[in-house]
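# Geometric and topological summary
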Amino acid sequence: MKFTDFNFHPSLMDGLSAMSFKEPTPIQSQTIPLIMEGHDVLGCAQTGTGKTAAFLLPILHQLTLHPSEKIATLIIVPTRELAVQIDQQLEGFSYFTPISAIAVYGGRDGQSLDLEKKALKGGAPIVVATPGRLIAHIDMGYVNFDSLRYLVLDEADRMLDMGFAPDIMKIVNMLPKKRQTLLFSATMPIPIRKFSQQLLY
């Protein structure tokens, strides 16, 4: 199997080519077709297996076909390091597309907070966020998820281990019920399976 088999938008294929992506990894070949068909997905994959591309590429494909000027995708991650990493991959994959994204995480200066606020108020199509920082913005009253189509929870097991479950559910309860939810975890213990049952349809 090759990435050309997925029939991604040509501008997305240009990004893949520029990054020397040719053949999908197992997690990509297993989940991309399901995501492209609109299914909710629960994926188990270790770091370094290509799971980020597994959820980013189908979402970028759909947003290229059906652009949004509001928040269409929310990717929740446990750490700022992962937020930065996903944001960097997004930049590479979407280089030849008009899609913009914002990474929202703590530990930065007030200027960064203002930039995040401006992007969230303006409606960046893709938001990559840590739970606490996102809730800080939500509590200030200007974040609108009415146009959200995709929710991604990455490294869900780490988020539960770090005690983020209440924060995640607070965010999820603000999202449209009609959405596609993708949950990825490096391990699949019973708490993750129970957690996924609350989120996936």
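Going by the structure above, here's the rest.
One structure accompanies this document, and this report is about it.

## A few points about the overall build of the protein chain
From N to C terminus, the protein chain includes nine helices and six strands. Relative to the globule expectation of 17 Å for 201 residues, the C-alpha radius of gyration of the protein chain, 16 Å, shows essentially globular dimensions. Its C-alpha atoms give the protein chain principal-axis dimensions of about 45 × 40 × 30 Å. Counting every position in the protein chain, which comprises 201 residues, the buried fraction comes to 52%. Restricting to contacts in the protein chain with at least 6 residues of sequence separation, those with at least 24 account for 77%.

## Here we look at the pairing of strand β4 (residues 126-129)
Burial along β4 is two-sided: the residues Ile126 and Val128 and Val127 and Ala129 are all buried. Pairing of strand β2 (residues 73-76) with β4, which is carried by four bridges, proceeds in the parallel orientation. Bridge pairing links Ile76 to Ala129 in β4. Where strand β3 (residues 101-104) lies against β4, four bridges are found, and the strand directions are parallel. Paired with Val104 across the strands is Ala129, a residue of β4. Read from β3 through helix α5 (residues 110-122) to β4, the crossover connection turns out right-handed.

## As for the sheet that holds β2
Strand order in this open sheet of six strands is β1-β6-β5-β2-β4-β3, and the pairing throughout is parallel. Two strands in the sheet have a free side with no partner beyond their single neighbour: β1 (41-44) and β3. Strand after strand, the sheet turns through a mean of 15° between neighbouring axes, direction not considered. As paired elements, strand β5 (residues 150-153) and strand β6 (residues 180-185) share four bridges and run parallel to each other. In the strand pairing of β6, Val152 is matched with Leu182. Packed on one face of the sheet, helix α9 (residues 190-199) meets β1, β5 and β6 and runs near 170° to β6.

## Describing the environment of Pro125
With respect to the helices, strands and loops of the structure, Pro125 is situated in the loop between α5 and β4. Judged by relative accessible area, which is 10%, Pro125 ranks as buried. Other than its neighbours up to four places away in sequence, Pro125 contacts Leu63, Ser68, Lys70, Ile71, Ala72, Thr73, Ile99 and Ser100.

Each value, and the rule that gives it
- Residues numbered from 1 in each chain as written.
- Predicted model: local features only at pLDDT ≥ 70, side-chain atom pairs only at ≥ 80, totals over all residues.
- Heavy atoms only, no water.
- Helix = DSSP H or I, 4+ residues; strand = E, 2+ residues; numbered from the N terminus.
- Rg over C-alpha atoms; globule rule 2.2 N^0.38 Å.
- Buried < 20%, exposed > 50% of the residue type's maximum accessible area, 1.4 Å probe, protein only.
- Contact = heavy atoms within 4.5 Å.
- Pairing = 2+ DSSP bridges.
- Right-handed = clockwise from strand over helix to strand, strands pointing away.
- Axes fitted to C-alpha atoms, helices over the stretch in contact; angles between N-to-C directions.

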